[in-house]
Amino acid sequence: MLSEEERRDIEREAPNYATRKALCIDALRIVQGHRGYVSDQALQEVADYLGLPLSHVEGVATFYNLIFRHPVGARVILVCDSVSCWIMGCERLLDRLRAHLETDVGGTSPDGRYTLLTAPCLGACDFAPVLMIGETLHRDVTAETLPDLLGKGG
Ligand code: FES
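Residues numbered from 1 in each chain as written. Predicted model: local features only at pLDDT ≥ 70, side-chain atom pairs only at ≥ 80, totals over all residues. Heavy atoms only, no water.

Undergrad: Sorry if this is basic, but what is going on with the domain arrangement of the protein chain here?
TA: One frequent convention defines the size of an interface as the accessible area lost when the parts assemble. Partitioning the protein chain into structural domains gives domain 1 (4-63) and domain 2 (75-151). Distance from the C-alpha centre of domain 1 to the C-alpha centre of domain 2: 28 Å. (Domains from an automatic or database assignment.)

Here it is as structure tokens:
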């Protein structure tokens, strides 16, 4: 069952949506904010709470790559690997991140601080290469500026 805080936060967003179905993505985002990721159990709880079929909620959770279906580190690093960022060197950034975080794409650093993921276009192609650390978008990232970004925790 969703916690009281989760239900309160979802209901705070509800007036912004015409249907419970449309509220689904925000509900998942809210639950993820409380729990760090959206487990199978959490999917069922959201489906029950919104009165939606589990298959619908699962479809939404699978479609949006910012809904994490497995435990992640304290912060998630999303490196754009679409064409503009690829041309501008996202592979070099990924190599640096793999070495610095001691994990591969899809993994979490041994200290649990960061999970490293790739993502399709983050919508800032003019500033490639681009990555997100947590909720913050970083543009024109270079191998030289990367340690500073990580030092600040995003
Ligand atoms: S291709 Fe990377 S932000 Fe668009």
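Undergrad: Sorry, what's going on with the environment of Ala143 here?
TA: With respect to the element layout, Ala143 can be found in the loop between strand E4 (136-138) and helix H7 (146-151). Sequence-wise, Ala143 and Glu58 are 85 residues apart; in three dimensions their C-alpha atoms are separated by 37 Å. With residues up to four places along the chain from it excluded, the contact list for Ala143 reads Leu93 and Arg96. (Helix = DSSP H or I, 4+ residues; strand = E, 2+ residues; numbered from the N terminus. Contact = heavy atoms within 4.5 Å.)

Undergrad: What is the right way to read helix H3 (residues 40-50) from this model?
TA: Note: α-helices contain 3.6 residues per turn, so residues at a spacing of three or four share the same orientation. Residues of H3 that are buried include every one of Ala42, Leu43, Glu45, Val46, Ala47 and Leu50, and no others. Tucked into the core, H3 has its buried residues touching helix H1 (4-13), helix H2 (20-35) and helix H4 (54-63). A positive phi of about 70 degrees marks Gly51, the residue just after H3. (Buried < 20%, exposed > 50% of the residue type's maximum accessible area, 1.4 Å probe, protein only.)

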